[in-house]
Amino acid sequence: MTCNIFREIKRNLHLVDNNDAPNTTDKMFKVRKLADILMKKFNQGNVSHENISIEESMVKYYEHHSTKQFMRDKPVRFG
């Protein structure tokens, strides 16, 4: 995907009307409904087994973003 196509999609994809924005501290309110729907669908297809191992890694991110988290025990502590 070219950068121009990505920017065009990003510019035209809206999930919540900005005029209907609630007065909340939820920083992800614009994608909250979509995230809830996706989590519900993902959990429907989830087959849990007794022994599950998940490799979680973090990618270094140098820009400012308000949802970055600090995790003391990770190799990359902010991400």
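Residues numbered from 1 in each chain as written. Predicted model: local features only at pLDDT ≥ 70, side-chain atom pairs only at ≥ 80, totals over all residues. Heavy atoms only, no water.

Colleague: What is the right way to read the overall build of the protein chain from this model?
Modeller: Counting secondary structure elements, the protein chain contains 2 helices and 0 strands. Here the protein chain, with 79 residues, has 3% of them falling under the buried criterion. (Helix = DSSP H or I, 4+ residues; strand = E, 2+ residues; numbered from the N terminus. Buried < 20%, exposed > 50% of the residue type's maximum accessible area, 1.4 Å probe, protein only.)

Colleague: Is there a simple way to explain the pattern of salt bridges in this structure?
Modeller: Pairing between side chains of opposite charge can happen when their charged atoms approach one another. Under the criterion given, the structure shown has 1 salt bridge. One salt bridge connects Glu8 with Arg11, and the closest N-O pair in it is separated by 2.8 Å. Taken together, the residues Glu8 and Arg11, both in helix α1 (residues 3-12) and 3 residues apart, mark about one turn of the helix. (Salt bridge = Lys/Arg side-chain N within 4 Å of Asp/Glu carboxyl O.)

Colleague: Quick question: what am I supposed to make of a nonpolar patch on the surface here?
Modeller: Together, Met1, Ile5, Phe6, Ile9, Leu13, Leu15, Met28, Val31, Leu34, Leu38, Met39 and Phe42 give the surface a local cluster of nonpolar side chains, amounting to about 1,200 Å² of exposed area. Top element by residues in the nonpolar patch is helix α2 (residues 32-44). It accounts for 4 residues. Assignment of secondary structure puts Ile5 in helix α1. Classification of Ile5 as partly exposed rests on a relative accessible area of 45%. (Patch = residues over 30% accessible without salt bridge, like charges linked within 9 Å, V, L, I, M, F, W, Y side chains within 5 Å. Areas by Shrake-Rupley, 256 points an atom, 1.4 Å probe, with all protein chains shown as cover.)

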